[in-house]
Amino acid sequence: MKRLIYEELVDWKNDANHKPLILDGVRQCGKTYLLKQFGSKEFKNCVYCNFEESPELNELFDSNMEPSKIIRDIELLKSVRIVAGDTLLILDEIQECESAITSLKYFHEHMPELHVACAGSFLGIMKSKASFPVGKIDTKHMFPMNFCEYLMAEGEKSLAEFIQSDPDPDEISKPVHETLLRLMRDYCIVGGMPEIVQTWISHHDINKVDSLQKELLQNYERDFAKHGGNMVEMLTSIWTSLPSFLSRENRKFIFKDLKKDGRSEDFRGPVQWLTNAHLIYKVNHIKRHAYPPSTEQDDTQYKLYMCDIGLLRAMAGHPAGVIITENDDTHLYKGGMYENLTVCELMSAGAETCITGKMESMRWISYRPSTADQSL
């Protein structure tokens, strides 16, 4: 399945001043698959190292920081040749080896011509005690598949290119509009997680989609227990409350609804944790129009949105039929869903660098849709 970030990887490869790359993003958004695909297509050979699957690799990095020796040992262990310019070296699950994170600095300084691409848990990387190589790496963020990528996966390349051409809305015919609405509703059911999209394309079985979405949501909650420390209970509470807040007239995150006498300070750490994990997007309230918006933002009042529209639908527990039928009883949920969809599309389009958790280019969107079509 085509990912739009692929062209950015090609630009990185062709940049004479490239640095080791860290590709980050929410779990299961397709980082490892994309790097392997990129390596096989754009390089003569690709060498894949996974620190979680092969713990013995850790010793190579723990014993020394000299890139030439590390490369020699990888070649011997894997019976491969690593040639700068011809080889992509992928270091996956790099958070499992703190020495590997630190070594990126030395790869940049002593072996800059070699292409090194890393993937892993951003939370694990940030929590590690390694000396983070600030200024010595390139970073790129990968999102779940946006609507255009979903269209291409569905075989609707022409429609995807049509949307990307920024057409005049008045010139879109009714049949094309209705076709896009139908596909958009499908996308709201399925979302943009690659494995789930592939399952939908192969089977068009909503039960299979539901099963995968629930499994992924459970895996995220297991990550809370693994990485969340003493914030596990609050992380789970915030995460599972998102559909409820987005289904209200006022979709603002209300502290006291989750904790008696709750204050913004109580939630600062857990919200930032979820933001760093790329599981949510935090949008601060803007008190008045100003540029840049950050000068007027109130970080004690905000809305929280889920990283993937399909997972939002699954967590809310709504059957797929809710999306494709007209029912005034669900108009608040649909309004929140389309608001969340808008945030996801804007983020994917570059409205904000997600790592900081600050929304420089966005403010609250408020409307009261009466039907799904009007809210869309």
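These numbers were taken from a predicted model, which means no experiment stands behind them.

Check the secondary structure of the protein and you find 17 helices and seven strands. Taking the contacts inside the protein whose residues are at least 6 apart along the sequence as the reference set, 73% of them involve residues at least 24 apart. Approximately 17800 Å² of the protein is accessible, and the part contributed by carbon and sulfur atoms is 48%.

Once that is clear, we can look at the sheet that holds strand S3 (residues 87–92). Pairing in this open sheet of five strands is parallel, and the strands run S2-S3-S4-S1-S5 from one edge to the other. At either end of the open sheet lies a strand with only one pairing partner, and these are strand S2 (45–50) and strand S5 (138–142). Across the sheet, the axes of successive neighbouring strands diverge by a mean angle of 20°, strand direction being ignored. In terms of strand pairing, strand S1 (residues 21–25) meets S5 through five bridges, oriented parallel. Looking across to S5, one finds that Asp 24 is bridged to His 141. With respect to the sheet, helix H4 (residues 67–78) is in contact with S2 and S3, its orientation differing from that of S2 by roughly 95°.

Looking now at unusual backbone geometry. In this structure, Ser 79 takes a positive phi of about 55° despite not being glycine. Mapped onto the fold, Ser 79 is located in the loop between H4 and S3. For Ser 79, a relative accessible area of 69% gives the class exposed. The phi torsion at Asp 166 lies on the positive side, around 55°, for a residue other than glycine.

Considering the arrangement of structural elements, one finds His 18 in the loop between helix H1 (6–14) and S1. At 3.1 Å, the side chain of His 18 and the backbone oxygen of Asp 15 are in polar contact. A polar contact is formed between the side chain of His 18 and the backbone oxygen of Pro 112, at a distance of 3.0 Å. Setting aside residues no more than four positions away along its own chain, His 18 makes contact with Trp 12, Lys 13, His 108, Pro 112, Glu 113, Leu 114, His 115 and Asp 138.

Picture a little ball the size of a water molecule; that probe, rolled over the atoms, points out where space is still empty. Taken as a whole and judged by the stated rule, the model has two cavities of 30 Å³ or more. Taken as a whole, the largest cavity spans an internal volume of roughly 90 Å³. In terms of residue count, the dominant contributor to the lining of the largest cavity is helix H16 (residues 331–348) (four residues). Residues belonging to the lining of the largest cavity are distributed by class as follows: nine nonpolar, two polar and two charged.

Our focus in this paragraph is the layout of surface pockets. Taken as a whole, the second largest pocket encloses approximately 830 Å³ of empty space. The wall of the second largest pocket is formed by 36 residues, among which Val 26, Arg 27, Gln 28, Cys 29 and Lys 31 lie closest to the centre. Of all elements in the fold, only helix H2 (31–42), helix H6 (122–127), helix H10 (194–203), helix H11 (206–227) and helix H13 (264–276) reach the threshold of two or more residues within the lining of the second largest pocket. Broken down by element, the lining of the second largest pocket gets its largest block of residues, five residues, from H2. Partitioned by chemical class, the residues of the lining of the second largest pocket number 14 nonpolar, twelve polar and ten charged.

Further remarks concern the pairing of S1. The buried fraction of S1 amounts to five of the five residues, a majority that puts the element mostly inside the structure. The side-chain alternation of S1 yields two buried faces, one formed by Leu 21, Leu 23 and Gly 25 and the other by Ile 22 and Asp 24. In terms of strand pairing, S1 meets strand S4 (residues 115–119) through three bridges, oriented parallel. Along S4, the bridge assignment pairs Leu 21 with Ala 117.

Ranked by internal contacts, the top residues of the largest apolar core, which has 83 residues, are Trp 239 and Leu 279. Beyond its immediate sequence surroundings of up to four residues, Trp 239 is in contact with Leu 217, Tyr 220, Glu 221, Phe 224, Leu 274, Leu 279, Ile 280, Met 306 and Met 315.

Okay, the packing of aromatic side chains next. Counted according to the given criterion, the structure contains ten aromatic pairs. Aromatic pair Phe 38 and Phe 43: ring centres 5.5 Å apart, planes at 85°, arrangement edge-to-face. Of the two residues, Phe 38 and Phe 43, neither departs from the other in class, the shared state being buried. Centroid distance Phe 51 to Phe 61: 5.3 Å. Interplanar angle 70°. Geometry classified as edge-to-face. Here the residue Phe 51 occupies a position in the loop between S2 and helix H3 (56–63), and Phe 61 occupies one in helix H3, the gap between them amounting to ten residues. On the accessibility criterion, Phe 51 (2% relative accessible area) is buried. Through a chain of ring-to-ring contacts, the aromatic side chains of Tyr 6, Trp 12, Phe 38 and Phe 43 assemble into a single cluster.

Rules used throughout
- Residues numbered from 1 in each chain as written.
- Predicted model: local features only at pLDDT ≥ 70, side-chain atom pairs only at ≥ 80, totals over all residues.
- Heavy atoms only, no water.
- Helix = DSSP H or I, 4+ residues; strand = E, 2+ residues; numbered from the N terminus.
- Contact = heavy atoms within 4.5 Å.
- Areas by Shrake-Rupley, 256 points an atom, 1.4 Å probe, with all protein chains shown as cover.
- Pairing = 2+ DSSP bridges.
- Axes fitted to C-alpha atoms, helices over the stretch in contact; angles between N-to-C directions.
- Buried < 20%, exposed > 50% of the residue type's maximum accessible area, 1.4 Å probe, protein only.
- Polar contact = N/O pair within 3.5 Å; in protein donor to acceptor, adjacent residues only side chain to side chain.
- 1 Å grid on protein atoms, 1.4 Å probe; cavity = no way out; pocket = protein on both sides within 12 Å on 5 of 7 lines; lining within 4 Å.
- Points joined across faces, edges and corners; volume = space filled by probe spheres on them.
- Nonpolar A, V, L, I, M, F, W, Y, C, P; charged D, E, K, R; others polar.
- Core = buried A, V, L, I, M, F, W, Y, C linked by side-chain atoms within 4.5 Å.
- Phe/Tyr/Trp six-rings, centres within 6.5 Å; stacked < 30°, edge-to-face > 60°.

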